[in-house]
Amino acid sequence: MAQVSLRDRNLTQTRDVAPARQKNVGLLGVSLFIASESMFFLGLFLAWFFMRNTSDAWPPAGVTPPPIAPAIFNTAVALLSAFAVGLADRAIARDDRRGLVGGTVVAGALGVIFMAVQAIEFTELATLAQSSAYGSAFTFLLLFHVLRVFVGVILMAVLLVRALIGHFSSKRRLLVQATAMYWYFITGVWLVVFAVLYLIG
Amino acid sequence: MASISIPIPLRERAKSGVLGWLATVDHKKIGIMYMVMSFAFFIAAGLMALLIRLQLAAPNLQVVDPNTYNQLFTMHGSAMIFLFTIPMLVGGFGNYFVPLMIGARDVAFPRLNAFSFWITLGAGLVMLIGFVFGARSDAAWTAYVPYSTKAYSPTVGMDIWLIGIILLGIGSTLGAVNFLVTVYSMRAPGMTAWRIPMFVWAMATTAVMVLLATPVLTAALIMLVADRNFNTQFFVANRVQLWQHMFWFYSHPAVYIMILPAMGIISEIIPVFSRKPLFGLRAVVISTVIIGLLGFTTWVHHMFVSGVDPAIERFFMFTTMVIAVPTGVKVFNWLATLWGGSLNFKTPLLMCLGFLATFVIGGISGVMQGSIPIDQYVHNSYFVVAHFHYVLFGGSVFGIFAALYYWGPKITGRMFDEKLGKLHFWLMFIGFNITFFPMHFLGLQGMPRRIATYDPGRGWELGNLIATIGAFILAFSVLIFIINAIKLRHGERATDDPWEGNTLEWSTSSPPPEYNFLEIPTVTSDRPLFDERMRTPHM
């Protein structure tokens, strides 16, 4: 019996063009990555609520929760930075490179301010983390969120350099979109962190 | 050929030699590296199992001291699960065959794919080198607190183990992103959802589970690392349940991560060797997806003796029982595929039949333990050991060997020796049952798992001796496979399609060229190669 393979045959339609669904491969990948990141935070949040529900007092007696003022300030910073990223993304969509550079610089700078405020917080959190499960979970949620902000700031730096070189245009802006998505995600996580740690407690 | 399409190698020609392997981003080479790595860990973890069985062959033996025994079964379980079964099925077969079966030239993110492999290998080496040089975890693969806390596991071995598993998690999460994007966006023209091969469906479902379950385990592992090294207070006092919840939230889905690809494999092989289409393809696809979803809702059945609220326990007992339904659907579909088929008893089919026979036993003992009162009786006994070896060895490992015999000719371009293959199968099947069937009785007679030895006079002597003999038969059968694999160099040359397969990987040469297909095929049914044969006159 002869071995048949598709490539030997005329009937096979010759089509090597990427189907339409291949266009957004990068963004789909980022979305899935964000899904897994969400599950990481979900794990930490579930740990928080599990420990909260199984403790007599939350926060336990003798442990004072960190002040809310810096967190409120950082919430404003985070929202503003997300707004700036949105502007940058929209700017490059209409080929406005200066808008992209401006938005990226503002978002990156706000990210650095956010990290600086958290760094000051951590000087006190170090002892809180070892005091109780409350402190440990509190510190973990802030720490692993700010690590994402750090990654976001690096992405912003890469974006800025490449924007200055002129890598992006309305047709070529996958990295801008991907960074914006990740940045929105980080901002969203912050809002939940803020609500759970400072408002619900 | 009327319409010529010039082959489009997407990248430069592959480099050959060592650099060609180290620097490759080709999904096939990465797949082969995963397979070789996993098989090496399989041998290492198998040798540990032999030591465990030697220790338990008779009462009060001291082949190794109790501490070493703990380290051995810890690493045996960890390596078999994290370094053999998952990377072999997902990394190895998934990488090699998902792009080929969907008619793609590579995965969506080839460099990310290479990164996943190297981080997996790195993690495996961290764990293995730690083990060889004495930095060994001894808290079992479940790493339950408080055993795994600083107080009870003070050595650095535990930390090395934890870091290894964290790294593995990163590798497999990124791999899952890659698979999902590949399956979603890289399919050949015409490959609609119901034309996606069953193995690819299984891999996609698996990838969703890896993607969503692994990060929760990663969070728990990092918390434990911090507890041990930075004095945080997560797993202290009454919070052993916290670890169990987070651990099993990943590790129960992990069971399906290990079995779904194997189910996908036999769903590919059984139709080919029965010369029939898969019975109820859509039912098999839907039940695969349902198993994937339900797999997230059953984890507390590992905690029926942990003091969880009885109302919650009952809910999880219900979901555990329910998951037997889609699993049963699949078993009946495989049987219906075999029924009335023109069966071709080559080694791949034998391995599938071995899968069916043993997996059903493991599945039934699983449903038994899903019942709270039975579980509270057999929990942490050898009954559990018997059960999960029946599903994971009897299921996953038989599936892995089925895949190696089925796809080996495609990967290597050579045919396996059938006689040795059949000998391998029979020795493995018999050895497997001799090893693990007596463990059901041992468990019901009260033998706890993880004990380093036992006193005579409890009625456990005979069962343990038989199990140890079986383990050596099993090991011998693997040796025969290795001989068969070595003999492959001089094996008969494999044609493009030695089994008359159904799926696209058989349309290209054996082994496939770097770019997989000269031209991307157009798919018009769920069995594109079968259609080809029907349209082409036989000679």
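Residues numbered from 1 in each chain as written. Chains lettered and ligands numbered in written order. Predicted model: local features only at pLDDT ≥ 70, side-chain atom pairs only at ≥ 80, totals over all residues. Heavy atoms only, no water.

Each helix and strand counted, chain B has 16 helices and zero strands in total. Whereas a compact globule of 539 residues would reach a radius of gyration of roughly 24 Å, chain B reaches 23 Å, a difference of no more than 12%. Referenced to the eigenvectors of the C-alpha coordinate spread, the extents of chain B come out at roughly 75 × 50 × 50 Å. Looking at the 539 residues of chain B, the share that counts as buried comes to 63%. With the model as given, the accessible surface of chain B reaches about 19,500 Å², and the carbon-plus-sulfur share is 71%. (Helix = DSSP H or I, 4+ residues; strand = E, 2+ residues; numbered from the N terminus. Rg over C-alpha atoms; globule rule 2.2 N^0.38 Å. Buried < 20%, exposed > 50% of the residue type's maximum accessible area, 1.4 Å probe, protein only. Areas by Shrake-Rupley, 256 points an atom, 1.4 Å probe, with all protein chains shown as cover.)

If you tally the helices and strands in chain A, you get five helices and zero strands. Burial analysis of chain A (201 residues in total) assigns 49% to the buried set. Across chain A, the fraction of contacts at a sequence separation of at least 24, relative to all contacts at a separation of at least 6, is 81%. If you sum the accessible surface of chain A, you get close to 9,600 Å²; carbon and sulfur atoms cover 67% of it. (Contact = heavy atoms within 4.5 Å.)

Our next topic: the packing of helix 10 (residues 324-338) of chain B against helix 11 (residues 347-370) of chain B. Residues and elements named next belong to chain B. Between helix 10 and helix 11, the shortest axis-to-axis distance is 11 Å and the interhelical angle comes to 150°. When the axes of helix 10 and helix 11 are compared, the pair comes out roughly antiparallel. Helix-helix and strand crossings are classified by hand; for helix 10 and helix 11 the assignment is left-handed. Contacts between helix 10 and helix 11 involve Ala 324, Thr 327, Val 331, Trp 334, Leu 335 and Leu 338 from the former and Leu 349, Leu 353, Phe 355, Leu 356, Phe 359, Val 360 and Val 367 from the latter. Here the contact of helix 10 with helix 11 is built from residues that sort into twelve nonpolar, one polar and no charged. (Axes fitted to C-alpha atoms, helices over the stretch in contact; angles between N-to-C directions. Parallel < 35°, antiparallel > 145°, perpendicular 65-115°, else oblique. Left-handed = near helix turned anticlockwise from the far one by under 90°. Nonpolar A, V, L, I, M, F, W, Y, C, P; charged D, E, K, R; others polar.)

Another aspect to go through is the nonpolar core. Residue and element names in this part refer to chain B. If you look at the biggest cluster of nonpolar residues, it comprises 236 residues, and the most contacted ones within it are Phe 93, Trp 243 and Trp 407. In terms of residues, this core owes the most to one element, helix 7 (residues 240-274), which gives 21 residues. Ignoring sequence-local partners within four residues, the contact set of Trp 243 consists of Thr 142, Ala 143, Tyr 144, Val 145, Ala 220, Leu 221, Leu 224 and Phe 235. (Core = buried A, V, L, I, M, F, W, Y, C linked by side-chain atoms within 4.5 Å.)

Let's shift gears to the packing of aromatic side chains. All names here are of chain B. This structure, assessed with the given rule, holds 64 aromatic pairs over all chains. Considering the side-chain rings of Phe 393 and Phe 398, the 6.2 Å spacing of their centres and the 70° angle between planes classify their relative orientation as edge-to-face. When its relative accessible area of 10% is taken as the criterion, Phe 393 is described as buried. When its relative accessible area of 0% is taken as the criterion, Phe 398 is described as buried. (Phe/Tyr/Trp six-rings, centres within 6.5 Å; stacked < 30°, edge-to-face > 60°.)

Right, let's get into the pattern of salt bridges. All names here are of chain B. One pass over the full model with this rule turns up ten salt bridges over all chains. Note that Glu 500 and Arg 275 form a salt bridge whose closest N and O atoms lie 3.0 Å from each other. Placement of the pair is Glu 500 in the loop between helix 15 (461-487) and helix 16 (528-535) and Arg 275 in the loop between helix 7 and helix 8 (281-294), with a sequence separation of 225 residues. Assessed through its relative accessible area of 36%, Arg 275 is described here as partly exposed. (Salt bridge = Lys/Arg side-chain N within 4 Å of Asp/Glu carboxyl O.)

Relative to each other, helix 1 (residues 25-53) of chain A and helix 7 of chain B sit at 155°, their axes nearing to 11 Å. Compared by their axis directions, helix 1 of chain A and helix 7 of chain B come out roughly antiparallel. For helix 1 of chain A against helix 7 of chain B, the interelement crossing comes out right-handed. Contact residues: Met 39, Gly 43, Ala 47, Phe 50 and Met 51 of chain A in helix 1 of chain A; Gln 241, Leu 242, His 245, Met 246 and Phe 249 of chain B in helix 7 of chain B. Taken together, the residues that form the contact of helix 1 of chain A with helix 7 of chain B break down as seven nonpolar, three polar and no charged.

Our next topic: unusual backbone geometry. For residues that are not glycine, phi is negative in most cases, and the peptide bond is trans in most cases. Residue Trp 58 of chain A is joined to Pro 59 of chain A through a cis peptide bond whose omega torsion reads 0°. Examined against the element boundaries, Pro 59 of chain A turns out to sit in the loop between helix 1 and helix 2 (69-93). Each neighbour pair has its own omega, and for Ser 510 of chain B with Pro 511 of chain B the value is -10°, a cis peptide bond. Within the fold, Pro 511 of chain B resides in the loop between helix 15 and helix 16. At Ala 143 of chain B, a position not held by glycine, the phi torsion is positive, near 45°.

Between its first and last C-alpha atoms helix 4 (residues 110-132) of chain B spans 33 Å; for 23 residues at 1.5 Å apiece the expected length is 33 Å, and the two agree. In the stretch just after helix 4 of chain B, Gly 134 of chain B is the one whose phi turns positive, near 90°. (Expected span 1.5 Å × (residues − 1).)

All names here are of chain B. Pro 87 marks where helix 3 (residues 66-101) bends most, by close to 50°. Counting buried residues along helix 3, 33 of its 36 residues qualify, which places the element largely inside the surrounding structure. One or two positions beyond helix 3, positive phi appears at Gly 103, with a value near 70°. (Bend = angle between axes of the 7 residues up to and from the residue.)

A separate point is the side chain of Thr 139 of chain A. All names here are of chain A. Structurally, Thr 139 is set in helix 4 (residues 133-165). By relative accessible area, Thr 139 is classed as buried at 10%. For Thr 139, the side chain forms a polar contact with the main-chain oxygen of Gly 135, separated by 2.6 Å. Dropping the residues within four chain positions of it, Thr 139 is found in contact with Phe 122, Leu 125 and Ala 129. (Polar contact = N/O pair within 3.5 Å; in protein donor to acceptor, adjacent residues only side chain to side chain.)

Moving on, we get to a nonpolar patch on the surface. On the surface, a cluster of nonpolar side chains totalling about 360 Å² of accessible area is made up of Ile 68, Ile 72, Leu 199 and Ile 200 of chain A. A residue is classified by how much of its surface remains accessible, and Leu 199 of chain A, at 56% relative accessible area, is exposed. (Patch = residues over 30% accessible without salt bridge, like charges linked within 9 Å, V, L, I, M, F, W, Y side chains within 5 Å.)

The predicted model of chain A averages 88 in pLDDT, with 89% of residues at 70 or higher. Taken together, the stretch residues 1-18 of chain A has pLDDT below 50 and engages in 47 contacts with residues farther than four places along the chain or on a different chain. (pLDDT = per-residue confidence, 0-100.)

Residue and element names in this part refer to chain B. Looking at the element boundaries, Leu 50 is found in helix 2 (residues 27-56). The class of Leu 50 is buried, set by a relative accessible area of 15%. Taking the C-alpha atoms as reference points, Leu 50 and Ile 469, separated by 419 residues in sequence, lie 9.9 Å from one another. Not counting residues up to four positions away in its chain, the partners in contact with Leu 50 are Ala 471, Phe 472 and Ala 475.

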